[in-house]
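Below, each chain spelled out in residue letters.
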Amino acid sequence: MTAAHFLLRLQSIRVCYDHLEALKGVSLHLEAGEIVALVGANGAGKTTTLAAICGLLPLRGGEIQFQGRSLAGLRPDQIVQLGITQVPEGRMIFAEMPVVDNLRLGAYLRLRAGQRRAVAEDLERMLDLFPILRERKHVLAGNLSGGEQQMLALGRALMARPRLLILDEPTIGLAPRLASQILHTVAELREQGTTILLVEQNVLASLQIADRGYVLETGRVVLQGLSEELLRNRDVQRAYLGKDYEEV
Amino acid sequence: MEWSALVQYVLTGITQGAIYALLAVGFNLVYSATGIINFAQGEFVMLGGMLAVTCYSFLHLPLWLSAILPIGVVMLVGAGIHQLAIRPLRHAHLVTLIMATVGLSVALRGLAKVLWGADSYPLPAFSNVDPVALAGASVDPQSLWVMGVAAVTGTALTLFFRYSLTGRAMTACAARPLAACLAGIRVERMNMWAFALAGGVGAIAGAVLAPIALPSFDVGTSLALKGFCAAILGGIGNNAGALLGGLLVGLLESLGAGYISSGYKDAIAFLVLLIVLVLRPQGLLNVTMRRDES
């Protein structure tokens, strides 16, 4: 398997906050069309990994490649331009703007590039994909429910037409029914050809829709494999699936 | 009580208030984007006035061009301040950044004194017509210019932030810098625009004010204080509040000077500010004080 085969490849990346080393050489990769889950406890380095991919944090070592090209020295907007979009944890919608403006800003770089018609078409597609947003398209985003806000955050990210969609805790704080609806949408997006890197506190649900997974502990990948292998793994079951020693 | 005197005080108050409102809008532009109180905002107004005078009296440009040209120049000054002084300090504490703007304010004032000396310079009124009589008072045509220009500027900014892509992106950056960044918006670039717009709004105020209050190198300080008062009164970051706060400060000052003593006119504005801060620290129009730190 050649390096160019990977859509995204992290090679032993290191990230530090002041003197604290948050990532101590993380390596992982995604092939086009995959859903990959990144699993780990709080503070394991999941969000830091995502921030590093998006160019929000400088690397102290290692390299990130997207479609065989190094992301070193690129600004966050240039990385978005290449096709990587992240839905940040906590949704972070623009609360004081209507739903449509939130969606349009997701396509900011495309609008800057003059793709007005394509963006308008995508906006319609997004409102088809999330009918609840169509009903409420002129409502201020801050007045939406938590589930609606998550759909909006997802829709906003998709407006950039990403090749790689990164989702940080997309179901946190949502009722179980809404959470499974979001994950169902994520699975559908993959069917349409989007590659997805998923960080999710619900390890069982995320491994159920993912093809492969990585387990992160204190800044290192301690386990990786196909989702079903990870789901069968005793350490994973104990640490993340809430099973007692007797059960496994 | 004499009605004509009251009308006169109110008109003066509204005129001054419109200028303070423009200053408050300038404070809001930078604050919303960056969280910084830009104490050089008054110097933007001073530069606008001094440059207008320079264009007209020394370069002999037509009056309309002399009023418009400084807007572009001070926008460049604002952008330059961001790129050379604020952006390099982006990892510093907010207080450090605010201190930097105090330093810039002193530096700009010093530079102005070197360039123009300590004199005040006159600029003719924009319309060469006689004062208009209104309810026994007389309205200076330049006052109408001040009110009109302030109204147009406020409306234009509102439309810019609501409907233009750059305006929406700036609003997004101010509310959710991280999410804006992940959408591909360059936050630093938008912050630069905020400083540029603050410079532009300052220059507009300076040019339109110049025929009423002759500009000199040191007019910025007291204007900035009043404008800051107006911004805090209305609720910092809130442009409707800026208008309300500006008019309040202007009216209080003018009525106080008329009915109590002109010696106390500054004190009255600050007294009201203190009372509002005690009773309603978030300002009159803001619901909460919390700024979104994402």
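Residues numbered from 1 in each chain as written. Chains lettered and ligands numbered in written order. Predicted model: local features only at pLDDT ≥ 70, side-chain atom pairs only at ≥ 80, totals over all residues. Heavy atoms only, no water.

What about the overall build of chain B?
What chain B contains, in helices and strands, is 11 helices and two strands. Listed by position from the N terminus, the elements making up chain B come as α-α-α-α-β-β-α-α-α-α-α-α-α. Whereas a compact globule of 294 residues would reach a radius of gyration of roughly 19 Å, chain B reaches 19 Å, a difference of no more than 12%. With the C-alpha coordinates of chain B rotated into their principal frame, the extents come out at 60 × 50 × 35 Å. Within chain B, residue pairs in contact and separated by at least 24 positions form 77% of the contacts whose partners lie at least 6 positions apart. Entry remark: accessible area of chain B is about 13200 Å², with carbon and sulfur atoms responsible for 69%. (Helix = DSSP H or I, 4+ residues; strand = E, 2+ residues; numbered from the N terminus. Rg over C-alpha atoms; globule rule 2.2 N^0.38 Å. Contact = heavy atoms within 4.5 Å. Areas by Shrake-Rupley, 256 points an atom, 1.4 Å probe, with all protein chains shown as cover.)

Comments concerning the sheet that holds strand S10 (residues 220-226) of chain A
Residue and element names in this part refer to chain A. Reading across from one edge, S6-S7-S8-S3-S9-S10 is the order of the six strands in this open sheet, with mixed pairing throughout. Where the open sheet ends on each side, the last strands, each with one partner, are strand S6 (84-87) and S10. This sheet shows a mean twist of 15° between the axes of neighbouring strands, independent of strand direction. Sheet topology note: the strand S3 (residues 35-40)/strand S8 (residues 195-199) ladder contains four bridges and is parallel. Counted as the bridge partner of leucine 38 is valine 199 from S8. (Pairing = 2+ DSSP bridges. Axes fitted to C-alpha atoms, helices over the stretch in contact; angles between N-to-C directions.)

Let's talk about the packing of aromatic side chains
Per the stated rule, a full pass over the model turns up six aromatic pairs over all chains. When the ring of Phe58(B) is compared with that of Tyr121(B), the centres are 5.8 Å apart and the planes differ by 75°; the resulting orientation is edge-to-face. Of this pair, Phe58(B) sits in helix H2 (residues 41-58) while Tyr121(B) sits in the loop between helix H4 (94-116) and strand S1 (132-134), and the two are 63 residues apart along the sequence. Through a chain of ring-to-ring contacts, three or more aromatic side chains come together here, namely Phe27(B), Phe39(B) and Phe228(B). The ring of Phe94(A) carries the charged tip of Arg156(A) above its face, separated from the ring centre by 4.7 Å. (Phe/Tyr/Trp six-rings, centres within 6.5 Å; stacked < 30°, edge-to-face > 60°. Lys NZ or Arg CZ within 6 Å of the ring centre and 35° of its normal.)

Here's the deal with the side chain of Glu169(A)
Residue and element names in this part refer to chain A. By the element assignment, glutamate 169 lies in the loop between strand S7 (164-168) and helix H8 (176-191). Of the polar contacts made by the side chain of glutamate 169, one reaches the backbone nitrogen of glutamine 201; its length is 2.7 Å. Residues contacting glutamate 169, with those up to four places away along its chain left out, are Lys46, Glu89, Gln150, Val199, Glu200 and Gln201. (Polar contact = N/O pair within 3.5 Å; in protein donor to acceptor, adjacent residues only side chain to side chain.)

Some points on the sheet that holds strand S4 (residues 61-66) of chain A
Residue and element names in this part refer to chain A. Taken in spatial order, the four strands line up as S2-S1-S4-S5 in an open sheet, and their pairing is antiparallel. The open sheet terminates on both sides in strands that have one partner only, identified here as strand S2 (20-31) and strand S5 (69-70). Here nine bridges tie strand S1 (residues 6-17) to S2, and the two strands are oriented antiparallel to one another. Among the inter-strand pairings, tyrosine 17 is bridged to a residue of S2, identified as leucine 20. Relative to the sheet, helix H1 (residues 46-53) contacts S1, S2 and S4, its axis offset from that of S1 by approximately 115°.

A few points about helix H3 (residues 63-86) of chain B
Residue and element names in this part refer to chain B. Counted at 1.5 Å a residue, the expected span for H3 with its 24 residues is 34 Å, and the 34 Å between its end C-alpha atoms agrees. Of all the positions in H3, only Leu63, Ser66, Ala67, Pro70, Val74, Gly78, Ala79, Ile81, His82 and Ile86 are classed as buried. In this structure, the buried residues of H3 make contact with H2, H4 and helix H8 (187-209). (Expected span 1.5 Å × (residues − 1). Buried < 20%, exposed > 50% of the residue type's maximum accessible area, 1.4 Å probe, protein only.)

Side note on unusual backbone geometry
All names here are of chain A. A positive phi is found at serine 12, a non-glycine position, where the angle reads about 35°. Of note, serine 12 is situated in strand S1. On the basis of relative accessibility, which here comes to 40%, the residue serine 12 falls in the partly exposed class.

Remarks on the pairing of S1(A)
Successive side chains on a regular strand alternate, one facing one side of the sheet and the next facing the other. Residue and element names in this part refer to chain A. Linking S1 back to S2 in an antiparallel pair, the connection comprises two residues, with aspartate 18 at a positive phi of about 50°. Relative to S4, S1 runs antiparallel, the two being bridged by five bridges. Looking at the pairing, glutamine 11 lines up with glutamate 63 of S4.

What about the pattern of salt bridges?
Opposite charge on two side chains lets them pair, provided their charged atoms get close. Residue and element names in this part refer to chain A. Within this structure, the stated rule accounts for 18 salt bridges over all chains. Between glutamate 21 and arginine 14 there is a salt bridge; the shortest N-O distance is 2.6 Å. Looking at glutamate 21, the relative accessible area reads 29%, which means it is partly exposed. Note that glutamate 34 is salt-bridged to arginine 212, the shortest N-O span being 2.6 Å. Here the residue glutamate 34 occupies a position in the loop between S2 and S3, and arginine 212 occupies one in strand S9 (residues 212-217), the gap between them amounting to 178 residues. Of the two residues, glutamate 34 and arginine 212, neither departs from the other in class, the shared state being buried. Three or more residues joined by partner-sharing salt bridges are found here, namely Arg110, Asp122, Arg125 and Arg161. (Salt bridge = Lys/Arg side-chain N within 4 Å of Asp/Glu carboxyl O.)

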